[in-house]
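Each chain, written out:
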Amino acid sequence: VATTIDGAEQSTSTYRGYAGVDSRSYIDPDLIGGATVSKGPQGGVAGAIGGTVAIKTLGVDDILNPGKNYGVRIKGTSNLSGISPVFGSTVPRQDNTFAPQNGSVSVAVAAKQENIDFIGAFVRRKTGNYFAGSSGPLFSDAYLGKTKKLSDYGYGQEVFNTSEDSVSALLKTTIRPADGHELQLGYMHYRNLFGEITPSNINAGTGVRQIPLSQVEIDQLTARYHWRPEDNNLIDLKANSYVSNIDEDSVYSLWDAANYNKTRTRNAGVDVSNTSRFDLGTTPFSLTYGGSLKVEDGAPRRSTYRMLANIGAYPVNGTRQITAAFAKGKWEPLPWLALNAGAELLMYNVNYRGTPIYSYSGPTYTGYDGHGVNPGAGVTVTPLDGWQLFAQYSTGLRPPSIRETSWIRYESIFNPNLAPEK
């Protein structure tokens, strides 16, 4: 599942021990103006076979009252239960503190004119480690008939590694230079110092310790253009581009964790599409076609890493490029019937940039590249107002990730049989 923010991807790869790997996207909730969820592999992001979550940041209409050209929105929250983390602590404190510094404040300013819109927003959010509740069972007999402890924390105790301290900013302007033309330029900054611990340590019963905080810093630029002339149904052109830079220091575990997962990831992409609408005889038909290119580049931010006896949690080190071209049509031969069909051509290239750390006598490394065609078709029936029946067949191709071609534990070996997921 791909998550985009104003069309931009923040592809990261964070090693979480036996729990696997997660890819994270960061945005403060006060900056979200809406989200669209698409199911399946044809949701608009090449290589995302599970679907797409397309987040849209705040727009002027999220701030301004109807009929107004200027406006300010101020939001605040307060959390009176939380305490600042103390590194190395192994004894949870009890919920007998008063911490009014926990909470958030955000300010958004918007202006709207005939040919230009502007919005700026700033968010400050800070919460300490929270305290566990005071009710509910601490043990369960449901685990193979044996009594099992449900948590390492007791009633009202400080839960380590749950704090966050973030700053976010958003600047966005929309320019309408002529009828039918719209250009949107945006910049988003996000920085957070937060607590986390790998699930492996929690499950092992050794998670009751405050470890160093993780941190992330993101700068993202987007440019989105839309051209739809009123007198030409053959043109509905959209062109989007983005660049994002993510510096991530993800703390892995209890042991001197600052040595791990210092990664810089750069993402860039561009996509162009057009929709032409016309009639087949007397029935409406639309044809959408276009293409996209996106590049990911992940690399360590340190030249050397310590490897503990049983861990070896390394950052990614490589590049991935995905290129796609697509076309899809929709025909409505009857007022209650719609048919759609299309196909996508996807090509990919993934390369590992590091050096194997153990001697290896297998196949010579040649990288990973390939291509595939992904067809899809569907039918939608609307028998009555408010009722809709549909059937959809879609296929997709997910190329190997940079993580899957980089070493994670002790060695990197070339696997000539590594294939894309279909």
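The structure this text deals with has already been given above.
These notes cover the structure that comes with them.

### Some points on the overall build of the protein chain
- The helix and strand inventory of the protein chain stands at one helix and 21 strands.
- Expressed as a percentage of its 422 residues, the buried residues of the protein chain come to 41%.
- Within the structure as shown, the protein chain displays about 22,400 Å² of accessible surface, and the carbon and sulfur contribution to it stands at 56%.

### Side note on the environment of serine 241
- Within the secondary structure, serine 241 is located in strand S15 (residues 237-249).
- Judged by relative accessible area, serine 241 falls into the partly exposed class, the value being 30%.
- Counting along the chain gives 52 residues from serine 241 to leucine 293, while the straight-line C-alpha distance between them is 9.5 Å.
- With residues up to four places along the chain from it excluded, the contact list for serine 241 reads Leu221, Thr222, Ala223, Gly269 and Val270.

### Quick look at the sheet that holds strand S6 (residues 51-57)
- Across the sheet, which stays open at both edges, the four strands sit in the order S2-S1-S6-S5 with mixed pairing between neighbours. Lying at the two open borders of the sheet, with one neighbouring strand each, are strand S2 (8-9) and strand S5 (32-39).
- Where strand S1 (residues 2-5) lies against S2, two bridges are found, and the strand directions are antiparallel. Pairing of isoleucine 5 across the sheet is with alanine 8, part of S2.

Cut-off values and rules
- Positions within a chain are numbered from 1, following the residues in the order the chain's sequence is written.
- For a predicted model such as this one, the threshold for reporting local features is a pLDDT of at least 70, and the threshold for listing and counting side-chain atom pairs is 80 or more; totals across whole chains, interfaces and linings nevertheless cover every residue.
- Where side-chain values are given, they derive from all heavy atoms of the structure, hydrogens and water being excluded.
- Strands here are runs of E lasting at least two residues and helices are runs of H or I lasting at least four, both read from the DSSP assignment and numbered beginning at the N terminus.
- Exposure classes here rest on a 1.4 Å probe applied to the protein chains alone. A residue is buried below 20% of its type maximum, exposed above 50%, and partly exposed in between.
- Surface accessibility follows the Shrake-Rupley procedure with a 1.4 Å probe radius. Residue values consider only the protein chains on display as shielding.
- In this analysis, two residues are considered to be in contact whenever any of their non-hydrogen atoms come within 4.5 Å of each other.
- The criterion for strand pairing is that DSSP finds at least two bridges linking the strands in question.

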